[in-house]
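# Per-entry structural report
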Amino acid sequence: MFRHIIAVLLLSFTVGSAVAQSVLIPSPPSIGAGSFVLMDPFSGKILIEGNSHERLPPASLTKMMTAYIVERELDEGRIALTDMVPISVNAWRTGGSRTFVKEGTQVSVEDLLKGVIIQSGNDASVALAEFVAGSESAFADVMNQQAQLLGMKDTQFVNATGLPSPEQYSSAYDLALLAKAIINDYPENYPLYSEKNFTFNNIRQPNRNTLLWRDPTVDGLKTGHTEEAGYCLVASAQREDTRFIAVVMKTDSPNARAQEIQKMLNYGFRYYTSERLFSAGQKLLDSQIWGGQSDHIKLGVKDEVFVTIPRGSKSSLESVVDVDNVIKAPIEMGQELGRVKVSLDGDVLVDEPILALEGVQEGGFFKRIWDAIRLFFVQLF
């Protein structure tokens, strides 16, 4: 099959000049944590990492998955925030950090979700797990299935709380993937992660993420601590149009986990920016189609496309679209007909399929004959 390369100047960024200056970026800061990672949740780019795939006890970072599954159930309409959840003896007796729900009462899903996210309530986590799946062990099975769907290859859950278990583990990279899903999949619920306090049963408790007070750009996500896990934190911040997720595991103190997260976030925002190159369903070009009911077909990308690049390097981005040389009807909507590539200083940052944004049926008999004759002479010369 013959192909041709079409250089395109896209509205979302500028094709760079060969004389563009290189952007100088220092080495990342040293991070005092057993495992850590800094990720762009839109492009998935990793900027800093250390032992990021090491399997470690996640402590209460586990509750991010508990909350994510509840948010999924809400989104799919199987439960509602106003649903009243019966509090079992098992949930009431769960130790560790608590929301202080009472056995035999009923508490709304909304209050329990706040208890999980803001107060890190183990009792609230168990109550929601039992409500969604019937038992905490059944809920853990759902957690593991969801982890597989998200690509969390170094994660296994056995409970909804993060209370110590030798069979429960995760990694900094996997927890960044989970935070990415929380932010992107259910943005309507994400503001809960930035709430600084929650009062339930006349007991007011603060969010343990101290960065919510220290840095106004930080708006989530979750802390964790056990003796085995050390002090852990998954945090996210947004400055202008750029957002980063930072994860540290196995630090020595609450102050250390906040300090190391802050170092990574400051480095990321100082030297990098996240750029949206294409919108979902954006048309990149019209291409000729032969033997169809129309003479042209719209081609573009299915999903949003982001890149994480050094600040000041946007003008150096270069793009090409590689499209099938001859496109013949019929074509189905979503059919792949080429690829778009975006590079910076010779490194390919984006390699996405170019899809038909519309379907084109075969034309009538005489239209097909006429196009076949035209195509013959076009290919001849």
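### Quick notes on the overall build of the protein
Counting its secondary structure elements, the protein contains nine helices and 17 strands. Expressed along its principal axes, the backbone C-alpha trace of the protein runs to roughly 80 × 50 × 35 Å. Classification of the 381 residues of the protein by burial places 50% in the buried group. When the accessible surface of the protein is split by element, carbon and sulfur atoms take 50% of a total near 17900 Å².

### Focus: the sheet that holds strand S9 (residues 230-239)
Spatially, the five strands line up as an open sheet ordered S3-S2-S10-S9-S8, and their pairing is antiparallel. At either margin of the open sheet sits one strand with a lone partner, and together these are strand S3 (46-50) and strand S8 (218-226). Taken over all neighbouring pairs, the strand axes of this sheet differ in orientation by 5 degrees on average, direction set aside. Here S9 runs beside strand S10 (residues 242-251); their pairing, made up of eight bridges, is antiparallel. Paired with leucine 233 across the two strands is valine 248, which belongs to S10. Packing of helix H6 (residues 172-185) onto the sheet brings it into contact with strand S2 (35-39), S3, S8, S9 and S10, and relative to S10 it is tilted by some 145 degrees.

### Things to note about the pairing of strand S13 (residues 296-300)
Pairing analysis gives five bridges linking strand S12 (residues 283-288) to S13, with the strands arranged antiparallel. Within S13, the residue paired with glutamine 288 across the bridge is histidine 296. Sheet analysis places S13 next to strand S17 (residues 347-356), joined by two bridges and oriented antiparallel. Counted as the bridge partner of glycine 300 is leucine 355 from S17.

### Looking at the confidence of the model for the protein
In this model, the protein carries an average pLDDT of 93, and 94% of its residues clear a pLDDT of 70 or more. Segment residues 1-20 is flagged for pLDDT under 50; beyond a separation of four residues in sequence, or across chains, it makes 52 contacts in the model.

### Concerning helix H4 (residues 122-133)
End to end, H4 covers 16 Å across twelve residues, agreeing with the expected 16 Å (1.5 Å per residue, within 8%). Of the positions making up H4, those classed as buried are Asn122, Asp123, Ala124, Ser125, Val126, Ala127, Leu128, Ala129 and Glu130.

### Brief notes about the pairing of strand S6 (residues 197-200)
Of the two faces of S6, the one holding Phe198 and Phe200 is buried and the one holding Asn197 and Thr199 is not buried anywhere. For S6 and strand S7 (residues 203-206), the ladder comprises four bridges, and the chain directions are antiparallel. When the bridges of S7 are listed, phenylalanine 198 appears paired with glutamine 205. The turn linking S6 back onto S7 is made up of two residues, and asparagine 201 within it adopts a positive phi angle of 55 degrees.

### A word on the packing of aromatic side chains
Inspection of every chain in the model, using the stated rule, returns nine aromatic pairs. Here the aromatic rings of phenylalanine 365 and phenylalanine 366 are separated by 5.3 Å at their centres, their planes lie at 80 degrees, and the arrangement is edge-to-face. A relative accessible area of 52% places phenylalanine 365 in the exposed class. Each residue in the set Tyr267, Tyr271 and Tyr272 is aromatic and connected to the rest through ring pairs, giving one cluster.

### Details of the side chain of serine 125
Of note, serine 125 is situated in helix H4. Look at serine 125 and you get buried, because its relative accessible area is 0%. Within the local environment of serine 125, its side chain forms a polar contact with the backbone oxygen of glycine 121, the two atoms lying 2.9 Å apart. Those residues in contact with serine 125, other than ones at most four positions away along the chain, are Lys63, Thr66, Val116, Ala160 and Thr161.

About the cut-offs
Residues numbered from 1 in each chain as written. Predicted model: local features only at pLDDT ≥ 70, side-chain atom pairs only at ≥ 80, totals over all residues. Heavy atoms only, no water. Helix = DSSP H or I, 4+ residues; strand = E, 2+ residues; numbered from the N terminus. Buried < 20%, exposed > 50% of the residue type's maximum accessible area, 1.4 Å probe, protein only. Areas by Shrake-Rupley, 256 points an atom, 1.4 Å probe, with all protein chains shown as cover. Pairing = 2+ DSSP bridges. Axes fitted to C-alpha atoms, helices over the stretch in contact; angles between N-to-C directions. Contact = heavy atoms within 4.5 Å. pLDDT = per-residue confidence, 0-100. Expected span 1.5 Å × (residues − 1). Phe/Tyr/Trp six-rings, centres within 6.5 Å; stacked < 30°, edge-to-face > 60°. Polar contact = N/O pair within 3.5 Å; in protein donor to acceptor, adjacent residues only side chain to side chain.

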